[in-house]
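As a plain string of letters, each chain reads:
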Amino acid sequence: MQNQNNITCLIVDDERIAREVIATHVSKIDNVSVLASCSSAMEAFKIINAHKVDLIFLDINMPDVSGISFAKSINKDIKIIFTTAYRDYAVEGFELQAVDYLLKPIAFERLLKAVNTYFNVYSNAISETASQLETNQFMFVRSDRRMIKIDFNAIVYIESYSDYIKIHLENETIVTRETISAIEAKLPSNQFLRIHRSFIVSIAHITSFTNEHVMIQGKALTISRSYKKEALEVLERY
């Protein structure tokens, strides 16, 4: 018998990587399970006709049947969280009373906020998901066609190269195609500090700092003018 606090969700997106990212995020959330991951609306129709589904993570821009058309055609008791790379659909999405509207690339914290909205507004389930922002000590990133688990404590600093970033760990460096702002959203703010548009540092690994640089692993990383005030305020509290 299913725990009454559990909700069952469906992921519908024609991009495999997008489905995998959402599934990875959802796997970290208590009381939420993925029933199926579908590449098309037609595939999703078969699932919801055969199983109970509470919530759908639904891409809007899909071939054949769009996410908007699909959402209009299903039982209104099934709630929708739209996922898309385009802002243009936001108004139409909310007109369909979607729980939330997530822009890709989707950070875990942003997806968690959407799920909490579902719990708070649409479900009687008792969720402890909000506490996970404080208790999770890792994240997953894609590198070499794999999702790699990275412990926050192992991160020394993060360096940006356009659409790629290098995550410098204590013993290795992981390269992933991601923006530094998207990665920043996944990190606990009490452990990491943005000091430059190209650098995020682990506060615990800083050995010294001045008004211009932080020293970390023997390297002097620049504190840029735009981040200086906030960065120095944080560092001087320690």
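Look a little higher up for the structure.
The model shown is predicted, which means the values in this text are computed figures rather than measured ones.

Basis of the calculations
- Residues numbered from 1 in each chain as written.
- Predicted model: local features only at pLDDT ≥ 70, side-chain atom pairs only at ≥ 80, totals over all residues.
- Heavy atoms only, no water.
- Buried < 20%, exposed > 50% of the residue type's maximum accessible area, 1.4 Å probe, protein only.
- Helix = DSSP H or I, 4+ residues; strand = E, 2+ residues; numbered from the N terminus.
- Arc of directions from axis to C-beta.
- Contact = heavy atoms within 4.5 Å.
- Patch = residues over 30% accessible without salt bridge, like charges linked within 9 Å, V, L, I, M, F, W, Y side chains within 5 Å.
- Areas by Shrake-Rupley, 256 points an atom, 1.4 Å probe, with all protein chains shown as cover.
- Salt bridge = Lys/Arg side-chain N within 4 Å of Asp/Glu carboxyl O.
- Pairing = 2+ DSSP bridges.
- Axes fitted to C-alpha atoms, helices over the stretch in contact; angles between N-to-C directions.
- 1 Å grid on protein atoms, 1.4 Å probe; cavity = no way out; pocket = protein on both sides within 12 Å on 5 of 7 lines; lining within 4 Å.
- Points joined across faces, edges and corners; volume = space filled by probe spheres on them.
- Nonpolar A, V, L, I, M, F, W, Y, C, P; charged D, E, K, R; others polar.

**Q** Go over helix α8 (residues 225-235), please, and point to the residues and values.
**A** Note on helix geometry: an α-helix contains 3.6 residues per turn, so any two residues three or four positions apart are oriented the same way. Buried residues of α8: Ala231, Leu232, Val234 and Leu235, and no others. The buried side chains of α8 occupy one side of the element, clustering within an arc of 150° when seen end-on. Exposed side of α8, more than 90 degrees from the buried face: Lys229 and Glu230 are the residues found there. Against β11 (192-196), β13 (206-209) and β14 (213-216) lie the buried residues of α8.

**Q** How would you summarise unusual backbone geometry if you had to cite specific residues and measurements?
**A** The linkage connecting Lys104 with the following residue, Pro105, adopts the cis geometry, with an omega of -5°. By secondary structure assignment, the location of Pro105 is in the loop between β5 (100-103) and α5 (108-122). One non-glycine residue with positive phi stands out, namely Asp64, at about 65°. Tracing the chain through its elements places Asp64 in the loop between β3 (55-59) and α3 (67-73).

**Q** Quick one: what's the story with a nonpolar patch on the surface, residue by residue and with numbers?
**A** A cluster of nonpolar residues, Tyr161, Tyr164 and Val175, forms a patch on the protein surface that exposes about 280 Å² of accessible area. The topology assignment puts Val175 in strand β10 (residues 173-177).

**Q** Would you mind going over the sheet that holds strand β8 (residues 155-161) in detail, with residue names and values included?
**A** For sheets, the rule is that strands pair by backbone hydrogen bonds, running either parallel or antiparallel. What the five strands build is an open sheet, ordered β10-β9-β8-β12-β11; its pairing is antiparallel. Where the open sheet ends on each side, the last strands, each with one partner, are β10 and β11. Ignoring strand direction, the axes of neighbouring strands in this sheet form an average angle of 20°.

**Q** So what about the layout of surface pockets? Which residues, and what values?
**A** Approximately 540 Å³ is the volume found for the largest pocket. Lining of the largest pocket is provided by 23 residues; of these, Ile17, Val21, Pro105, Arg177 and Glu178 occupy positions nearest its centre. When residues of the lining of the largest pocket are traced back to their parent elements, those giving at least two are α1 (16-27), β6 (138-143), β10 and α7 (180-186). With six residues, α1 is the single largest residue contributor to the lining of the largest pocket. Its residues assigned to classes, the lining of the largest pocket shows 11 nonpolar, four polar and eight charged.

**Q** Explain the sheet that holds strand β4 (residues 79-84) to me, using residue names and the numbers behind them.
**A** Spatially, β2-β1-β3-β4-β5 is the arrangement adopted by the five strands of the open sheet, whose pairing is parallel. Only two strands of the sheet have a single neighbouring strand rather than two, namely β2 (32-38) and β5. Pairs of neighbouring strands in the sheet enclose a mean axial angle of 20°, with direction left out of account.

The values reported here are purely geometric and, on their own, carry no functional implication.
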